[in-house]
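Letter by letter, the chains look like this.
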Amino acid sequence: MGRTRRTRIKNKNVARDLNLSSDRDLVYFMQWMTRNGWSQLHKFQVSEFKNTGRGVLTKESVHVGDSLVKIPKKLLITLNSVSQSEHFTKFTDLSNRFSTQQLLAAFLVFQRHLAEKSFWYHYINSLPKTFPIPAFYNFSNDVPDFLSEEISKMLKKMREQYEHFLQSINKRLKCDHCNNSAGSIFDFESFKWAWCTVNSRAVYISPDCGGNLKFQLTDSNCLALAPYLDLFNHSNSAKVKAAVTSDGSYEITTLTDCKKFSQVFINYGQHSNLNLYLQYGFILESNINDVIPLSFPSIVQCTKKIYPNVLNSMNTYVNYISSHSLLKNPSLNLDGLSWSANVIIFILISSNRMNLKSIEFKVYSDDFDDEDLQLIKEIALILIEDKRTELGGFVNQLENQGGALSSGDQLLCHQTSINLIKEYLSILDKCESTFH
Ligand SMILES: C[S@@+](CC[C@H](N)C(=O)[O-])C[C@H]1O[C@@H](n2cnc3c(N)ncnc32)[C@H](O)[C@@H]1O
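Residues numbered from 1 in each chain as written. Predicted model: local features only at pLDDT ≥ 70, side-chain atom pairs only at ≥ 80, totals over all residues. Heavy atoms only, no water.

Participant: Explain the nonpolar core to me, using residue names and the numbers behind them.
Facilitator: Residues Ile 71, Phe 88, Phe 186, Tyr 228 and Leu 229 are the most contacted members of the largest nonpolar core, which totals 131 residues. Discounting residues that sit within four places of it in the chain, Phe 88 has contacts with Val 82, Leu 103, Ala 106, Phe 107, Phe 110, Phe 165, Phe 186 and Phe 215. (Core = buried A, V, L, I, M, F, W, Y, C linked by side-chain atoms within 4.5 Å. Buried < 20%, exposed > 50% of the residue type's maximum accessible area, 1.4 Å probe, protein only. Contact = heavy atoms within 4.5 Å.)

Participant: Which residues make up unusual backbone geometry, and what are the values?
Facilitator: Here Ser 286, not a glycine, exhibits a phi torsion of approximately 50°, which is positive. Along the polypeptide, Ser 286 turns up in the loop between α10 (273-280) and β13 (291-293). Notably, Asp 366 is not glycine yet its phi reads approximately 55°, a positive angle. Mapping Asp 366 onto the fold places it in the loop between α14 (356-365) and α15 (370-401). For Asp 366, a relative accessible area of 49% puts it in the partly exposed group. (Helix = DSSP H or I, 4+ residues; strand = E, 2+ residues; numbered from the N terminus.)

Participant: Could you give me a rundown of the packing of helix α5 (residues 100-114) against helix α9 (residues 188-201), with the residues and numbers involved?
Facilitator: The geometry of α5 relative to α9 is characterised by a closest axis approach of 8 Å and an angle of 125° between their N-to-C directions. As the angle between them shows, α5 and α9 are arranged oblique. Relative to α9, the crossing made by α5 is right-handed. Where α5 approaches α9, its residues Gln 101, Gln 102, Leu 104, Ala 105, Ala 106, Leu 108, Val 109 and Arg 112 are matched on the opposing element by Ser 190, Phe 191, Trp 193, Ala 194, Trp 195, Thr 197, Val 198 and Asn 199. Taken together, the residues of the contact of α5 with α9 sort by class into 10 nonpolar, five polar and one charged. (Axes fitted to C-alpha atoms, helices over the stretch in contact; angles between N-to-C directions. Parallel < 35°, antiparallel > 145°, perpendicular 65-115°, else oblique. Left-handed = near helix turned anticlockwise from the far one by under 90°. Nonpolar A, V, L, I, M, F, W, Y, C, P; charged D, E, K, R; others polar.)

See the structure below:
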């Protein structure tokens, strides 16, 4: 192959991303950051990537130990910023207790409504208008139960925080800026946008960094929005260190190298795909942190296929399982069964052959003999086959629904739910292979 053609093919693979540095909102945003004490530490360029959407590309090599970003204290939105805003605090009844996320979200709603009058105007303009997060689209009716339960929980939390905030403000009080009432400024749609912004973009800070607060909190004050840092996407292979420097800046140092002209990732933490989907609206292929959650009834149902009487003699054992938190997060994963799934199956199949003391001894000494392991394996293979059938059905059902959706992020959210389940199917194959 000639050199020119080889180069062209190589470039085709790397150069699919779109340079966003001349995007008007981003230009104003960077200018505002610079005016307020921020400076670019590397030749970074905000770009649109084919697989991950908007993120940060580096035009030079970045090495272990390099600082990626340093966001000045003045540009961080913390509860201290919220506390200091008299415009905002005058609406709220300070005898109430709030959560950090609730206050940051409400503050963002208020700042967005101030438009050009807000110090954060250019930051707010740089934020996405919609999110490919299932709770943002109220997807809970169109997806399998295990997903809709999680989405409903998230929606419920968001709703409750909104309702509670609304009850804690003087709704009739007029805003000095626009003369509208507080009740009309803090509408649910704006709150939902702000809540999803905080949920998918806030970083953890030490509670001490928040300063003196006017508010009483229901949690520890440990979240902040960090403009520009929140343009970095996540990868499991990225390793970073976060620290608040002596001048109060929020600094991220990379513990992995980044090649010239590649995307610079940070790490949001060790999340399963379900968690990534619910909180951030994306999933990772072959995610090492991924697991397929199992419900206790589904384990019992599969066990009954070989041991039909299993539940009849089991009240003591079920109590034992519940009281020892063994029901916590049973799952299938790339290495087989999680510890709790293993133990639940073992207890279920042993209830007719052993007394509780012997079972307990085996569970806590992890002393399963070949016969035990063979019996557990038989149930595990049934569980895997059942899950495969169930998940295959969900994929078909979701693929048939896709046509009715129109908006970009809504479609993306729908496609991600299909990809999540397809990833589960591939985990099942790997999980099964550990038993052969
Ligand atoms: C902190 S923001 C990162 C910047 C964001 N992409 C933007 O355009 O502003 C987090 C959001 O970025 C997206 N994201 C982050 N990492 C991703 C990844 N590896 N693949 C796909 N989307 C990702 C998700 O939409 C997530 O909710």
